[in-house]
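Here is what each chain is made of, one letter per residue.
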Amino acid sequence: WSGADKPAKVLDVGCGIGGTSRYLANKLGDDSTVTGITLSPKQVERATALAKERDLNNVDFRVMDALKMEFEDNTFDLVWACESG
């Protein structure tokens, strides 16, 4: 982990259909929010549907290029980039 005891804001870079994002959202609970980014609109659509099926309200997904992120510096407490390279 990042050293954060319970990160309030998590970014999942290269989230795909959101498996890790959903796991983190569930594990961290409603006090945390998880944002997943991927290049694929279809992956965002599927990830959003899967999160909704599981009643996860603390996760969202966006189409975004990891090399051109729209977030300001220090927006997140933890950045996860499993299989993104």
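Here's a quick rundown of the structure. (Residues numbered from 1 in each chain as written. Predicted model: local features only at pLDDT ≥ 70, side-chain atom pairs only at ≥ 80, totals over all residues. Heavy atoms only, no water.)

1. Examining helix H2 (residues 41-53)
In this model, H2 (13 residues) spans 18 Å end to end at C-alpha, consistent with the 18 Å of a helix rising 1.5 Å per residue. Listed in full, the buried residues belonging to H2 are Val 44, Ala 47, Leu 50 and Ala 51. Along the axis of H2, the buried residues cluster in a sector spanning 135°; they form a single face. Of the residues in H2, the exposed ones pointing more than 90 degrees away from the buried face are Pro 41, Lys 42, Glu 45, Lys 52 and Glu 53. Positive backbone phi, approximately 55°, marks Asp 55, located one or two places after H2. (Helix = DSSP H or I, 4+ residues; strand = E, 2+ residues; numbered from the N terminus. Expected span 1.5 Å × (residues − 1). Buried < 20%, exposed > 50% of the residue type's maximum accessible area, 1.4 Å probe, protein only. Arc of directions from axis to C-beta.)

2. Let's talk about the nonpolar core
Ranked by internal contacts, the top residues of the largest apolar core, which has 13 residues, are Val 10, Leu 24, Val 34, Ala 51, Val 59 and Phe 61. Of all the elements in the fold, those that place two or more residues in this core are helix H1 (19-28), H2 and strand S3 (59-63). In this structure, Phe 61 is in contact with Cys 15, Gly 18, Ser 21, Gly 36, Val 44, Ala 47, Thr 48 and Ala 51, ignoring residues within four places of it in sequence. Listed in part, the six residues of the second largest apolar core include Leu 11, Val 13, Ile 37 and Phe 71. (Core = buried A, V, L, I, M, F, W, Y, C linked by side-chain atoms within 4.5 Å. Contact = heavy atoms within 4.5 Å.)

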